[in-house]
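Remarks on the overall topology
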Amino acid sequence: MNTLSRESTFFTKPAKSQSSFHLKVIGFAVTSLAMSLAMTGVASAAAIRTGFDSNTLARNDDGSTGLVNLGFTANFLGTNYTQTYVNNNGNLTFNAPLSQFTPTQITAGSAPIIAPFFADVDTRGTGSSLVSYGTGTINGNAAFAANYVNVGYFPNATDKLNSFQVVLINRNDTGATGNFDIEFNYDRIQWETGSASGGTNGFGGTPARAGYSNGAGTFYEFTGSGVSGAFLDGGSNSLIANSLNSDVLGRYTFNARNGGVVTPPTTAVPEPFTIVGTLIGAGTALRMRKRLKVTNKL
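Within each chain, residue numbers correspond to sequence positions counted from 1 in written order. Local features in this predicted model are restricted to residues of pLDDT 70 or higher, and side-chain atom pairs are both shown and tallied only at a pLDDT of 80 or more, whereas totals for entire chains, interfaces and linings draw on every residue. Excluded from the side-chain calculations are hydrogens and water; all other atoms, namely the structure's heavy atoms, are used.

The next thing to look at is the overall build of the protein. Secondary structure summary: the protein contains three helices and 16 strands in total. Accessibility here uses a 1.4 Å probe with only protein chains present; expressed as a share of the type maximum, an area under 20% marks a residue as buried, one over 50% as exposed, and anything in between as partly exposed. Split into buried and exposed, the 298 residues of the protein put 44% on the buried side. The long-range share in the protein, meaning contacts at least 24 apart out of those at least 6 apart in sequence, stands at 60%. Only the protein chains shown count as cover for residues, and all accessible areas are computed by the Shrake-Rupley method using a 1.4 Å probe. Carbon and sulfur atoms make up 55% of the accessible area of the protein, which amounts to about 14,200 Å² in all. Runs of H or I in DSSP of at least four residues are treated as helices and runs of E of at least two as strands, each being numbered from the N terminus. Residues count as neighbours in contact if any of their non-hydrogen atoms are within 4.5 Å of one another.

Quick look at the structure:
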């Protein structure tokens, strides 16, 4: 029997009290939500944009590309750039390639960097994909992206894989040459540290950091940077379960305009048990109200 016929059968049954009807609806909602969460997890793996993969960085540990073209001019906090280095360890730099594998705090004094996941990425393991990068368009605007999809960690480890991406989008359409958007996209974060950074099986030690710095006083670092377990799926600052300036889970958008960056508050996503608990609580309240009605009648 299809869904429509089931609904038709339900509504042809004798009418029940309003409270009983509400309880059935809430019970159905709780069951459906629990099943959905069990099958799909907290956040859908839909933040990473497809494409932008016409070039690859050969299997390596701590390597980088040479300067590659963005395809447009980006005014990154007061300095115009048309090229960048794609570094294997989860970041873009502008003045020089970066082979550093243990992340340090992203501060005002950091070299110019845009880092979605600064950690010891190692793509030498046969189960790891390669870092890819390239240009394309998003909503008609020129864009550049570096993709770290299903990448392992040092040394050659692939028992856990991360998938994340950084995208730079030309936004001259907003009124000034050099305006652009920075996107950090996350679909899966299973490890946080390489063993050379004190990690054990991808955990602990000196964990990943995320953010950006122009190297001249302006910077932003994600809450949870350098905190064990924070960025992991299910962590206290899970990267796939939150968003910034976006309604897509796992997507964090920064609007670089006229040499500055607008950073609205992070949008947290309720934990699944909080959602289910709220629905169950509503059901309990209705049951209590019904019991009170019965008592008053007696």
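Here we take up the nonpolar core. Only buried residues count toward a nonpolar core. Its members are Ala, Val, Leu, Ile, Met, Phe, Trp, Tyr and Cys residues joined through side-chain atoms within 4.5 Å. Counting residues in hydrophobic clusters, the biggest one holds 44 residues, and the most contacted among them are Ile-114 and Tyr-186. Judged by nonpolar contacts, the second largest core, of six residues, contains Ile-138, Ala-143, Val-167 and Ile-169.

So, about the environment of Val-68. Inspection of the secondary structure assignment puts Val-68 in strand 2 (residues 68-76). Spatially, the C-alpha atom of Val-68 lies 7.9 Å from that of Val-86, the residues being 18 residues apart in sequence. Once you skip the residues sitting within four places of it in the chain, Val-68 turns out to touch Thr-82, Gln-83, Thr-84, Val-86, Tyr-133 and Phe-144.

Let us now look at the packing of aromatic side chains. The pairing test for Phe, Tyr and Trp rings, Trp by its six-membered ring, is centres within 6.5 Å, and the orientation test on the planes gives stacked under 30 degrees, edge-to-face over 60, and tilted for anything in between. Enumeration over the complete set of coordinates arrives at 16 aromatic pairs. In textbook terms, an aromatic cluster arises when at least three aromatic residues are bridged by ring pairs, as seen for Phe-76, Tyr-81, Phe-94, Phe-184, Tyr-186, Tyr-212, Tyr-220, Phe-222, Tyr-252 and Phe-254.

With that out of the way, let us pick up the side chain of Ser-213. Looking at where Ser-213 falls in the secondary structure, it is placed in strand 11 (residues 209-213). For the purposes of these results, a polar contact is taken to be a pair of N or O atoms within 3.5 Å, where, inside protein, one atom must be able to donate a hydrogen and its partner to accept one; residues adjacent in sequence count only when each atom of the pair is a side-chain atom. At 2.7 Å, the side chain of Ser-213 forms a polar contact with the backbone oxygen of Thr-107. A polar contact of 3.1 Å, which involves the side chain of Ser-213, links it to the backbone nitrogen of Gly-215.

Its place among the elements puts Leu-239 in the loop between strand 12 (219-221) and strand 13 (242-244). The class of Leu-239 is buried, set by a relative accessible area of 1%. Here the alpha-carbon distance between Leu-239 and Phe-184, two residues 55 residues apart in the chain, equals 9.5 Å. Excluding anything up to four places from it in sequence, Leu-239 contacts Phe-117, Tyr-186, Ile-189, Phe-222, Phe-231, Gly-250 and Tyr-252.

Two strands are said to pair when DSSP picks up at least two bridges between them. Note: strand 2 against strand 3 (residues 79-87), five bridges, orientation antiparallel. What sits directly across from Ala-74, in strand 3, is Tyr-81. Once strand 2 ends, the chain turns through two residues before running back antiparallel as strand 3, passing Leu-77 with a positive phi of about 55°. Two strands pair when backbone bridges link them, and strand 3 and strand 4 (residues 91-93) are joined in this way by three bridges, in the antiparallel orientation. The residue bridging Val-86 from the neighbouring strand is Leu-92, located in strand 4. Between strand 3 and strand 4, which follow one another and run antiparallel, lie three residues, and Gly-90 among them has a positive phi close to 80°.

With five of five residues buried, strand 11 is to be regarded as a mostly interior element. Here strand 11 shows a buried face lined by Arg-209, Gly-211 and Ser-213 and a second buried face lined by Ala-210 and Tyr-212. In the sheet, strand 5 (residues 113-118) pairs with strand 11 via four bridges, with the strands oriented antiparallel. Among the inter-strand pairings, Ile-114 is bridged to a residue of strand 11, identified as Tyr-212. Once strand 11 ends, the chain turns through five residues before running back antiparallel as strand 12, passing Gly-215 with a positive phi of about 75°.

What follows covers the sheet that holds strand 12. The six strands are arranged 2-3-4-5-11-12 in an open sheet whose pairing can be described as antiparallel. Each edge of the sheet is formed by a strand with only one pairing partner; in this case those strands are strand 2 and strand 12. The average undirected angle you get between the axes of adjacent strands in this sheet is 25°. Pairing of strand 11 with strand 12 involves three bridges; the strand directions are antiparallel. Comment: axis = line fitted to C-alpha atoms, over the contacting stretch for helices; angle = value between 0 and 180 degrees taken between N-to-C directions.

Without other data, these values stay purely geometric and don't point to any function.
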